[in-house]
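# Per-entry structural report
Next come the chains, spelled out residue by residue.
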Amino acid sequence: MSKLELGVCYYPEQWDSSRWGDDAARMVEMGLDWVRIAEFTWGLIEPSRGQFQWEWLDEIIDVLGQAGLKVMMSTPTAAPPKWLIDEYPDILPVGPDGRVRGFGSRRHYCFSSDIYLAEAQRIAKEYACRYGKNPFVCAWQIDNEYNDHDSVLSFSNAARTGFQRWLETKYGTINALNETWGTVFWGSTYSAFAQIELPNGLVATPNPTHALDFARYSSDRVRLFNKTQVDVLREHAPGRDITHNFMAGSFEFDHHAVATDLDIVGFDSYPLGNLMGSTLSDEEKRRYLRTGAPDYQGFHCDLYRSQGRGRMWILEQQPGPVDWAAKNPSPAEGMVRLWTWAAFAHGAQAVMFFRWRQANFAQEQYHTALLRSDDSPDQAAIELAQIVKDRATLPPTTRKKASVAMLLDYTSIWAADILPHDNDFPNTHIFREWYAALRVLGVEIDFVGPEDELHGYALIILPQSMIVTTDLSAKLEGSGAKLLIGARSGSKTSQMRTPSNLAPGVLTDLTSVRVVRVESLPDIAEESVRLLDGQKFDFTGWREIVETEANVLARFKSAYCDASPAIIRSDCATYLAMVPRGALLHVIMCNVLEWAGLDLLDCDPDMRVARRGTLHFAFNFGDMSKPLPAGGPRRILIGSDPVNARDFTVWKEN
Ligand code: GAL
């Protein structure tokens, strides 16, 4: 599928059935191809155990299908019904504060509950048996946003016993666990797996290996939950693509692992909703208040496209103001269209808008939609009309493999959260900041996980890979790529211990670096990094004191260990002994791209370029028009040169 497909999230259960026919006709008229339904319908379909009321769902599928729409059916496990919770109250999740999270909204289940796992499998099978071969049901979404409302981690009794079983399988004997965790520290030795508690509510910090194992266990439970339903659908809904909607900014479970079980990696894109929580400066936040940060959606598109092996869909696209952030501004006019084509440029095969009609009751009444609650078209519907026109002018294309890969390892992210050292350590932000620093230079990026094939890239970047196995380091070395390796990489073993040869552990030979001390500095410290050419950049936060015999490209100017190496380059690796940001990060990226033999483009800070097959795109997130980047003769298919403010241009090279 190389032309963009369009769709919408629809909640027929929220509207009188007399409106369904008109809704379906209008969706078709508006150019939509897909309708995603039913992810919160369990309590309506099975109002009491074993009593099913399918008729309304049968009818709406028929109405949509007869109108010419393809249905994406969902398994309804994100919202278990009240009778089930009453029957088995232990299904409810428990927060880190030890309090049970109750019924009355959604995602009120604990991934560790075996009872819930069986119930989810049962209801998925009911849905799959009923609709698996329905000709109008062409794809399936499992559940809804696994980490929404911070629901991946649960500190329930079921989690405790599940974790104990998981540990027993992993370690075999309690002595092996004591040894690996190092429980001799603070005398916390165990004599049986049954003694092990969850790492919440403690007086001081938990043993880090304990905490990391709990994060791994919790992630495994998400994968098991997803896979259990995938298996049901494979059997009863043959030939249909299976997806799940990942979230932006969510790193709590191993998305690489879950993605391997899916056909399409879906994700929900709310570019404005997440702006205020980013590390952008206030000035940048002001600038992008109505457009979203230029790289936020792109980052997730590239991450999930890579995990989806080229198959990435946006299952929910922001249509206007959302209702769930601390403040919810309106996007500038044109942004829904811009985001849609930016997603396409980054490889999206389909974009579905959330949602069809704005609710006029219950939760989410302030969340906009394509239509207002009185059925009048809202701004997103107006932009959709233009998107449909655009689509007719663009030839089918697919994205090619990039030259640069970013390694993102979820375990390393959990590890740095568990042992931060620096309370403001930017952890997940480092990935987005490096990504943005490369994108503003026109670089296309794929993502890889530690299990992935690494061949064929000119440059592989590791913004923060705290845990690197010997397998991964051998693959990095064998890839033949140049490597850019961020601070802390290789600094802990998989057991969360300091490597016997010190950091960067298994990366020592590749980098020719030995980290002899780390420190973290508050913003008030006046320290800097000096490049060989004399350029000086302030820096703060994480710093490593390293020994090396490789080339030193920059040194610290510091009141402590003055002139210690800050940027070190061996034959194939550039190692950073601090976390560069802003102007320093920009200079490093330019230097590294050149070292790797890659072209770079100096884009305007508000502009991003992307390439999909023969199509070139330039997106202008600023409020002034900007010229297209210089290039050969070109034929413009959409837009203009200069690119209008908050608009985009698509062209082909002649
Ligand atoms: C998503 C969720 C949707 C809806 C939406 C509102 O997180 O999957 O069901 O709540 O947010 O923006």
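The shown structure was predicted, so the numbers you read here are calculated from the model rather than taken from an experiment. (Residues numbered from 1 in each chain as written. Predicted model: local features only at pLDDT ≥ 70, side-chain atom pairs only at ≥ 80, totals over all residues. Heavy atoms only, no water.)

Next up on the list: helix α8 (residues 208-236). The end-to-end C-alpha distance of α8, which contains 29 residues, comes to 42 Å, matching closely the 42 Å that a straight helix rising 1.5 Å per residue would cover. Counting buried positions over the 29 residues of α8 gives 21, a clear majority of the element. Taking the backbone nitrogen of T209 as reference, a side-chain oxygen 2.8 Å away marks N207 as the first, capping residue of α8. (Helix = DSSP H or I, 4+ residues; strand = E, 2+ residues; numbered from the N terminus. Expected span 1.5 Å × (residues − 1). Buried < 20%, exposed > 50% of the residue type's maximum accessible area, 1.4 Å probe, protein only. Polar contact = N/O pair within 3.5 Å; in protein donor to acceptor, adjacent residues only side chain to side chain.)

On to the domain arrangement of the protein, then. Entries for the protein in the domain assignment read domain 1 (404-595) and domain 2 (612-653). The centre of domain 1, based on its C-alpha atoms, is set 34 Å off from the matching centre of domain 2. (Domains from an automatic or database assignment.)

Moving on, we get to the site of the ligand. The full set of residues close to the ligand is F40, R106, N144, E145, D148, D268, Y270, E316, W324, F354, E364 and H367. Within the side chain of Y270, a nitrogen or oxygen atom sits 3.3 Å from an oxygen atom of the ligand. In this structure, H367 approaches the ligand through a side-chain N or O atom, which is 2.6 Å from an oxygen atom. Coverage of the ligand by the protein amounts to 96% of the 310 Å² it exposes when considered alone. Broken down by class, the residue content of the shell around the ligand amounts to four nonpolar, two polar and six charged. (Near = heavy atom within 4 Å. Areas by Shrake-Rupley, 256 points an atom, 1.4 Å probe, with all protein chains shown as cover. Nonpolar A, V, L, I, M, F, W, Y, C, P; charged D, E, K, R; others polar.)

In terms of burial, strand β20 (residues 607-612) is largely enclosed, as five of its six residues are buried. By the bridge criterion, six bridges tie β20 to strand β21 (residues 615-620) in an arrangement that is antiparallel. Of the residues in β21, the one forming a bridge with R608 is F619. Between β20 and β21, which pair antiparallel and follow one another directly, the connecting turn spans two residues, one of which, G613, has a positive phi of 55°. (Pairing = 2+ DSSP bridges.)

Pairing is parallel in the closed barrel, where eight strands are placed in the order β1-β2-β3-β4-β5-β6-β7-β8. Averaged over all pairs of adjacent strands, the angle between strand axes in this sheet comes to 30°, irrespective of strand direction. Note that strand β2 (residues 34-37) and strand β3 (residues 70-74) share four bridges and pair parallel. Within the sheet, the bridge partner assigned to R36 lies in β3 and is M72. (Axes fitted to C-alpha atoms, helices over the stretch in contact; angles between N-to-C directions.)

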